[in-house]
Amino acid sequence: MTYYAINGSPRKTHNTATILNKALEGVKAADPQAQTELIHLYSHDFSGCVSCFECKRLGGKSYGKCAVRDGLTPILERLADADGIIFGSPVYYAHPAGQFLALLDRMFYAGGEHFKFKPGAAIVTARRAGTTASLDVLNKYFTDACMPVVSSTYWNMAHGVAPDEIERDDEGLQT
């Protein structure tokens, strides 16, 4: 089984990356044979959807996958083969990060069929507010693609500003 976590933060070692690594540790604890990988979105050069509709044209060379070829292409191909996906985003202005949404728009608009019935989890990090609104946005991608949403004992969120503050959010880490 292969599970990917996507870090939608430009910071590779701060709060969102920390909480995603903790989630992947949980996956490994539940299934020691599982293959896991944390993908840092901002390490890749890509654009959002260009509305070319090539992914929707029956008989088109890109039907069912994004026709744009850039740094996001190999990520989308790997995610299509995943057994489960965890999305993590910081909260910016009570919303997930914009570049992260650009990934999700391309991923689900072009290839949503590839993700049917694969479990998906969203985790958000914030200083204080906007977490439930951000979770709502992310979970809608899953439900629109017929993906079971992985939940927990509370909303999947953790709070902190400085990189080490997430480590002190015991409730967020437990959730």
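This write-up is about the structure you can find in this document. Note that the coordinates shown come from a computational prediction; the quantities given were computed from them, not determined experimentally. The written sequence of each chain sets the order in which its residues are numbered from 1. Per-residue local features of the predicted model are confined to residues with pLDDT of at least 70, and side-chain atom pairs are confined, for both listing and counting, to 80 or more; whole-chain, interface and lining totals are unaffected and use all residues. Water and hydrogen atoms play no part in the side-chain values, which are based on all heavy atoms of the structure.

## A look at the pairing of strand 3 (residues 84-92)
The side chains of a regular strand alternate between both faces of the sheet. Burial status follows relative accessibility: with a 1.4 Å probe on protein chains alone, a residue under 20% of its type maximum counts as buried, one over 50% as exposed, and anything between as partly exposed. Where helices and strands are cited, they refer to DSSP runs of H or I of at least four residues and of E of at least two residues respectively, numbered from the N terminus. Judged by how many residues are buried, strand 3 sits mostly within the fold: eight of nine residues are covered. Two strands form a pair only when DSSP identifies at least two bridges running between them. As judged from the five bridges shared by strand 1 (residues 2-7) and strand 3, these two strands associate in the parallel manner. Directly across from Y4, in strand 3, lies its bridge partner I85. Note: strand 3 against strand 5 (residues 120-126), six bridges, orientation parallel. Across the sheet, S89 pairs through a bridge with V124, a residue of strand 5. Direction of pairing for strand 3 relative to strand 4 (residues 95-96): antiparallel, over a ladder of two bridges.

## Topic: the pattern of salt bridges
Within this document, salt bridges are pairs made up of a side-chain nitrogen of Lys or Arg and a carboxyl oxygen of Asp or Glu, the two lying within 4 Å of each other. As enumerated under the stated definition, the model contains five salt bridges in all. The closest approach of N and O atoms between E167 and K22, which form a salt bridge, is 3.7 Å. Taken together, the positions of E167 in the loop between strand 6 (157-159) and helix 5 (170-174) and K22 in helix 1 (residues 15-30) put the pair 145 residues apart, joining distant regions of the chain. Residue class for E167 comes out partly exposed when judged on its relative accessible area of 38%. A relative accessible area of 33% means that K22 is categorised as partly exposed.

## Let's talk about unusual backbone geometry
Note: most peptide bonds trans; most residues except glycine with negative phi. Despite not being glycine, F53 has its phi angle at roughly 65 degrees, a positive value. Mapping F53 onto the fold places it in the loop between strand 2 (35-40) and helix 2 (73-80). The phi dihedral of Y93 is positive, around 55 degrees, even though this residue is not glycine.

## Quick look at the packing of aromatic side chains
For Phe, Tyr and Trp, rings pair up if their centres lie within 6.5 Å, where Trp contributes its six-membered ring, and each pair is then called stacked (planes under 30 degrees apart), edge-to-face (over 60) or tilted (otherwise). Summed over all chains, the structure comprises seven aromatic pairs. Ring plane angle 80 degrees and centroid distance 6.3 Å describe the contact between F87 and F108, whose orientation is recorded as edge-to-face. Residue F87 is found in strand 3, and its partner F108 is found in helix 3 (residues 98-111); the two are separated by 21 residues along the sequence. Pair check on accessibility: F87 and F108 agree, each one buried. For F87, a relative accessible area of 0% corresponds to the buried category. Through successive ring pairs, a cluster of aromatic residues spans F87, F100, F108, F115, Y141 and F142. To sit over a ring, a charge needs its Lys NZ or Arg CZ within 6 Å of the ring centre and within 35 degrees of the ring normal. One Lys or Arg, K56, reaches over the ring of Y109 and ends 4.5 Å from the middle of that ring.

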